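Results of the structural survey
One-letter residues, chain by chain:
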Amino acid sequence: MAKILLVEDHEEIWDFLSRRLKRRGHDVVLAFDGRDGVDKVRAERPDLVLLDMNLPVMDGWTAARAIKADEGIAAVPIIALTAHAMSGDRQKAIDAGCDDYHPKPVDFSKLLAQIDAALARAA
């Protein structure tokens, strides 16, 4: 299965998602702030990034732009995770460089479908 970098600062969310993704056979790497997330994309070379947009140190919008601006890692698909589900937030995430958008609370079956689709497009 895929190596997924989960960049999330809320323990209950990263715990829930990492356990469920691991049960599905994915290798999960964790980062807890945006700067650490960008660094781990470079170091770990994940197949996909699940990126919370409201992070400490560096927010997800800035982290997504940094990933997509780096030629060596720009092809890694990013799915934005955010509690901000206001009109225009999906487009804001896409404009920042995210390949897809998933509003919180997480609908795990829908997120899995988005992960599968992003991985298929990247293959």
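In what follows, the structure referred to is the one given above.
A few points on the structure. (Residues numbered from 1 in each chain as written. Predicted model: local features only at pLDDT ≥ 70, side-chain atom pairs only at ≥ 80, totals over all residues. Heavy atoms only, no water.)

**Let's talk about the packing of helix α3 (residues 60-69) against helix α4 (residues 89-96)**
Our working definition: To obtain each axis, a line is fitted to C-alpha atoms, and for helices this fit is confined to the stretch in contact; angles are then taken between N-to-C directions over 0 to 180 degrees. Put simply, DSSP marks the helices as runs of H or I at least four residues long and the strands as runs of E at least two long, and each gets a number from the N terminus on. Contact criterion: two residues are considered in contact whenever any of their non-hydrogen atoms come within 4.5 Å of each other.
Remark: α3 packs on α4, axes separated minimally by 8 Å, with the N-to-C direction vectors making an angle of 35°. Contacts between α3 and α4 involve W61, A64 and R65 on the former and, on the latter, D89, K92, A93 and A96.

**So, the pairing of strand β4 (residues 78-82)**
To keep it simple, the criterion reads: Exposure categories follow from relative accessible area, calculated using a 1.4 Å probe and restricted to protein chains: below 20% of the type maximum is buried, above 50% is exposed, and the middle band is partly exposed. Two strands pair under a simple rule: DSSP has to find at least two bridges between them.
Where burial is concerned, most of β4 is hidden: five out of the five residues are buried. Burial along β4 is two-sided: I78, A80 and T82 and I79 and L81, pointing in opposite directions, are all buried. Of the pairings in the sheet, the one linking strand β3 (residues 48-52) to β4 comprises four bridges and is parallel in character. Counterpart to D52 in the pairing with β4 is L81. Taken together, the four bridges between β4 and strand β5 (residues 100-103) define a ladder with parallel strand orientation. The residue bridging T82 from the neighbouring strand is P103, located in β5.

**Re the sheet that holds strand β1 (residues 3-7)**
Strand order in this open sheet of five strands is β2-β1-β3-β4-β5, and the pairing throughout is parallel. Each edge of the sheet is formed by a strand with only one pairing partner; in this case those strands are β2 (27-31) and β5. The mean inter-strand angle of the sheet, taken between neighbouring strand axes irrespective of direction, is 20°. Together, β4 and β5 form the strand contacts of α4, whose direction differs from that of β5 by roughly 140°.

**A word on the pairing of β1**
To be explicit about the condition: Here a crossover is taken to be right-handed if, once the strands point away from the viewer, the path from the first strand over the helix to the second is traced clockwise.
With four of five residues buried, β1 is to be regarded as a mostly interior element. For the crossover that starts at β1, traverses helix α1 (residues 11-23) and ends in the parallel β2, the hand is right-handed. As defined by bridge partners, β1 adjoins β3 across four bridges and the pair is classed as parallel. Across the sheet, the residue bridging to L6 is L50, located in β3.

**Looking at α4**
Operational definition: By definition, the arc is the one covered by directions from the helix axis to the C-beta atoms.
Three or more residues of α4 are buried, namely D89, A93 and A96. The buried residues of α4 occupy one face: seen down the axis, they fall within an arc of 65°. The inward-facing, buried residues of α4 abut α3, β4 and β5. Downstream of α4 by one or two residues, G97 has phi in the positive range, about 120°.

**Focus on the environment of L6**
Counting through the fold element by element, L6 comes out in strand β1. Taking relative accessible area as the criterion, L6 reaches 0% and is therefore assigned buried. Separated by 45 residues in the primary sequence, L6 and L51 place their C-alpha atoms 6.3 Å from one another. Residues in contact with L6, not counting those within four places in the same chain, are W14, L17, S18, V28, V29, L30, A31, L50 and L81.

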